[in-house]
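Summary of structural features
Read off the chains here:
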Protein chains: 2
Amino acid sequence: MSGKFITLEGGEGAGKSTLARALAERLEAAGVQTTLTREPGGSPGADAIRALFVRGDAEKFAPLTDALLIAAARADHIAHTIAPARAAGRWVICDRFTDSTHAYQGAGRGVDMAVLTTLDALIDAPKPDLTLVLDVDPKAGVRRSKGAHSGEDRFERMDLSFHQTVRAAFLGIARDEPDRCVVIDAALDKDAVRAAALDAIASRLGVHA
Amino acid sequence: MSGKFITLEGGEGAGKSTLARALAERLEAAGVQTTLTREPGGSPGADAIRALFVRGDAEKFAPLTDALLIAAARADHIAHTIAPARAAGRWVICDRFTDSTHAYQGAGRGVDMAVLTTLDALIDAPKPDLTLVLDVDPKAGVRRSKGAHSGEDRFERMDLSFHQTVRAAFLGIARDEPDRCVVIDAALDKDAVRAAALDAIASRLGVHA
């Protein structure tokens, strides 16, 4: 049986990577073999594309070029990481996936949503079984993110209104697809965020981890 | 008036770059302002993608990933080089364009032609006014190409049958679109190849250069 596919979405500094690691540990402890991955990247080919993508000026590439680069990386990531893991029955937890493309490149930078949907279909992007949207006030999030790592800051450097548009886009997706998405308040402390995520996994996917 | 768009297509070692330079010089001498460019690449963003694309193993990326990377680079190249030049009335000579994607990624590596056509439409790739297909026996072409430069050899390292498939694909495109394409025998000497190209420009585009 194909393993479940869980994506974590949200703005910069929402705590997605921390939560992703915690969920993978808890699922493994509950006996669910789990692959933890992230986008852009997640396979050697996709990581090479990521390196091109995340550094430099936000305007380095035209928005459509960004969308195509992400689709290129995603096709490789699906082929080499996500699909093989799920076929082997492993669950996959992915830090960012198609919703980030719709929020950043679509809502944030104006790429036609129909183009993004065409690209999703073209690479046969799997629909997540569960998407956890970590909602964070952009002011707090970007501040938190800037302390966390260096160099990969191409989108952190966009202005506040960009990040507010991205936040609204994530909340819009969650509202449009309530069966797939659960919004979690990322301002809660780490334990409370994890508890909310584990609750969602229990109620939506039937595994108590 | 928008400048004419001429593409040069064909396998490795067909002499496309040499011919492209010669045509640009002759057109400039005839008073036609000309921009000489090439793919993959042709703008700073696209060149960065080219660097990722042309080196390493032929199987480095999945074929669909390659097609998306090329489309990403092409979108940037059109936006930053081809469209502005043509809008300023300049002619553009481009060493490789969409036909190479159909021949290498489509016929050669099995990406669905409908996917490639969708990508062409998605990035609004301009139709060339004239395409010169330099036809070369793959055995001679790959040998010639290997001497010419180093490092950018990802596709030269594919086997002979791959290059034969690519050759047949270029000839098929020329047969299907005779109004756009002129096939030139690349085994002729350099002067004869250039003369044939200038004849095509004169008869198809009305400029004697």
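Bear in mind that the values here come from a model prediction, so they are computed numbers and not experimental data.

Quick notes on the interface of chain A and chain B
Across the boundary between the two partners, chain A contributes 21 residues, which contact 21 residues of chain B. Contact between chain A and chain B buries roughly 1,600 Å² in total, counting both sides, with carbon and sulfur atoms accounting for 83%. The largest contributions to the chain A side of the interface with chain B come from Leu-52, Leu-68 and Leu-122 of chain A, which together make up 30% of the buried area. Counting the contacts that link chain A with chain B gives 5 residue pairs in polar contact (both at pLDDT 80 or more). Contributions of two or more residues to the side of chain A that touches chain B are made by α2 (44-54), α3 (63-87) and α5 (113-122) of chain A. Residue contributions to the side of chain A that touches chain B peak at 9 residues, all from α3 of chain A.

As for the sheet that holds strand β2 (residues 34-38) of chain B
Residues and elements named next belong to chain B. On the basis of which strands lie adjacent, the open sheet formed by 5 strands has the order β2-β3-β1-β4-β5 and parallel pairing. Single-partner strands in this sheet number two, and they are β2 and β5 (181-185). The sheet shows a mean angle of 20 degrees between the axes of neighbouring strands, taken without regard to direction. For strand β1 (residues 5-10) and strand β4 (residues 130-135), the ladder comprises 5 bridges, and the chain directions are parallel. Within β4, the position partnered with Gly-10 by the bridge is Leu-134.

Some thoughts on the packing of aromatic side chains
Residues and elements named next belong to chain B. By the definition in use, this model includes 6 aromatic pairs over all chains. Pairing Phe-5 with Phe-97 gives two aromatic rings, centres 5.0 Å apart and planes at 90 degrees, and the pair type is edge-to-face. Remark: Phe-97 occurs in the loop between β3 (91-95) and α4 (98-108) and Phe-5 occurs in strand β1; sequence separation between them is 92 residues. By relative accessible area, Phe-97 is classed as buried at 1%.

Conventions adopted
Residues numbered from 1 in each chain as written. Chains lettered and ligands numbered in written order. Predicted model: local features only at pLDDT ≥ 70, side-chain atom pairs only at ≥ 80, totals over all residues. Heavy atoms only, no water. Contact = heavy atoms within 4.5 Å. Buried area = accessible area lost by both parts, 1.4 Å probe. Polar contact = N/O pair within 3.5 Å; in protein donor to acceptor, adjacent residues only side chain to side chain. Helix = DSSP H or I, 4+ residues; strand = E, 2+ residues; numbered from the N terminus. Pairing = 2+ DSSP bridges. Axes fitted to C-alpha atoms, helices over the stretch in contact; angles between N-to-C directions. Phe/Tyr/Trp six-rings, centres within 6.5 Å; stacked < 30°, edge-to-face > 60°. Buried < 20%, exposed > 50% of the residue type's maximum accessible area, 1.4 Å probe, protein only.

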